[in-house]
Amino acid sequence: MDIDAIMDTAITAARDVFGRAVSYVPPGGGAAVSIVADFQRSAQTQSTGQTVEASTYAPVLDCREADFTEAGIVPEMGALVTLTVEGVEQTFEVVDITPVAVGTVHLQLGRRR
């Protein structure tokens, strides 16, 4: 088994334990896709500008890239995700996408009003 297959197995196992059902709607509408992702209420995120690096805390979804590939889509900024947090259905907008490991992306979320 190669390292990428081992990583995918680990990601899938973590998702199966910590994941929650998420409805993902691409920007501009379209059909909702159901995925399972690990929601983190406040994760440290980093962004690098041309001269400044900033670190903030924001809600994040830790997602398996293969879930998007299998649904025939790619994660995009501006997409809407809906999930249940502490018994309340909440919708967020994807404001940034960061690859964090082989086969994994973090979707940084902004609260949609």
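Scroll up a little and you will see the structure.
Please read these numbers as outputs of a predicted model, since none were measured by experiment.

Cut-offs and rules
Residues numbered from 1 in each chain as written. Predicted model: local features only at pLDDT ≥ 70, side-chain atom pairs only at ≥ 80, totals over all residues. Heavy atoms only, no water. Helix = DSSP H or I, 4+ residues; strand = E, 2+ residues; numbered from the N terminus. Buried < 20%, exposed > 50% of the residue type's maximum accessible area, 1.4 Å probe, protein only. Contact = heavy atoms within 4.5 Å. Areas by Shrake-Rupley, 256 points an atom, 1.4 Å probe, with all protein chains shown as cover. Pairing = 2+ DSSP bridges. Salt bridge = Lys/Arg side-chain N within 4 Å of Asp/Glu carboxyl O. Core = buried A, V, L, I, M, F, W, Y, C linked by side-chain atoms within 4.5 Å. Phe/Tyr/Trp six-rings, centres within 6.5 Å; stacked < 30°, edge-to-face > 60°. Expected span 1.5 Å × (residues − 1). Arc of directions from axis to C-beta. Polar contact = N/O pair within 3.5 Å; in protein donor to acceptor, adjacent residues only side chain to side chain.

Visitor: It is not clear to me how the overall build of the protein should be interpreted in this structure. Could you clarify?
Guide: Scanning the protein from terminus to terminus reveals 2 helices and 6 strands. Looking at the protein as a whole, 29% of its 113 residues qualify as buried. Contacts spanning at least 24 positions in sequence make up 45% of the contacts within the protein whose residues lie at least 6 apart. On the protein, roughly 6800 Å² of surface is accessible, and the fraction owed to carbon and sulfur atoms is 52%.

Visitor: Hey, could you run me through the pairing of strand E6 (residues 104-111) in this one?
Guide: Here is the key point about a regular strand: its side chains alternate between the two faces of the sheet. Where strand E5 (residues 88-101) lies against E6, 8 bridges are found, and the strand directions are antiparallel. By the bridge assignment for E6, Pro 99 is matched with Val 105. The loop that links E5 with its antiparallel partner E6 comprises 2 residues; one of these, Gly 103, has a positive phi angle of about 85°.

Visitor: Sorry, what's going on with the pattern of salt bridges here?
Guide: Oppositely charged side chains can form a pair if their charged atoms are brought close together. Applying the stated criterion to the full structure yields 3 salt bridges. A salt bridge links Arg 41 to Glu 86; its shortest N-O distance comes to 2.8 Å. Here the residue Arg 41 occupies a position in strand E2 (residues 33-48), and Glu 86 occupies one in the loop between strand E4 (80-85) and E5, the gap between them amounting to 45 residues. Taking the relative accessible area as the measure of exposure, Glu 86 reaches 69% and is therefore exposed. Salt bridges linked by common partners bring Arg 64, Asp 67 and Glu 70 together as one network.

Visitor: What am I meant to see in the nonpolar core here?
Guide: Considering soluble globular proteins, one finds that nonpolar side chains tend to be buried as a cluster. With 18 residues, the main nonpolar core has Leu 61, Cys 63, Val 81, Leu 107 and Leu 109 as its most contacted residues. Listed by contribution, the elements that provide at least two residues to this core are strand E1 (20-25), E2, strand E3 (53-64), E4, E5 and E6. Broken down by element, the residue count for this core peaks at 4 residues, all from E2. Residue contacts for Cys 63: discarding those within four places in its chain leaves Ile 35, Ala 37, Phe 68, Gly 103, Thr 104, Val 105 and Leu 107.

Visitor: I would appreciate a short explanation of the packing of aromatic side chains in the present structure.
Guide: Pairs of aromatic rings are described using the distance from one ring centre to the other and the angle between the two planes. For the structure shown, the criterion picks out 2 aromatic pairs. With a centroid separation of 5.9 Å and an interplanar angle of 35°, the aromatic rings of Phe 39 and Phe 92 are classed as tilted. Placement of Phe 39 in strand E2 and of Phe 92 in strand E5 is noted, with a sequence separation of 53 residues between them. Just as Phe 39 is buried, Phe 92 falls in that class too.

Visitor: What is the right way to look at the environment of Ala 71 in this model?
Guide: Inspection of the secondary structure puts Ala 71 in the loop between helix H2 (65-70) and E4. Here Ala 71 falls in the partly exposed class, since its relative accessible area comes to 35%. The sequence separation of Ala 71 and Ile 35 amounts to 36 residues, and the corresponding C-alpha distance is 8.9 Å.

Visitor: Sorry, what's going on with helix H1 (residues 3-18) here?
Guide: Residues separated by three or four positions in an α-helix point in the same direction, a consequence of the helix having 3.6 residues per turn. Between the first and last C-alpha of H1 there are 22 Å, a value that for 16 residues agrees with the 22 Å anticipated at 1.5 Å per step. Among all positions in H1, only Ile 11, Thr 12 and Arg 15 are buried. For H1, the angular spread of buried residues about the axis comes to 100°, placing them on one side. Residues of H1 that are exposed and angled more than 90 degrees away from the buried face: Ile 3, Val 17 and Phe 18. The opening residue of H1 is Asp 2, an N-cap whose side-chain oxygen sits 2.9 Å from the backbone nitrogen of Ala 5.

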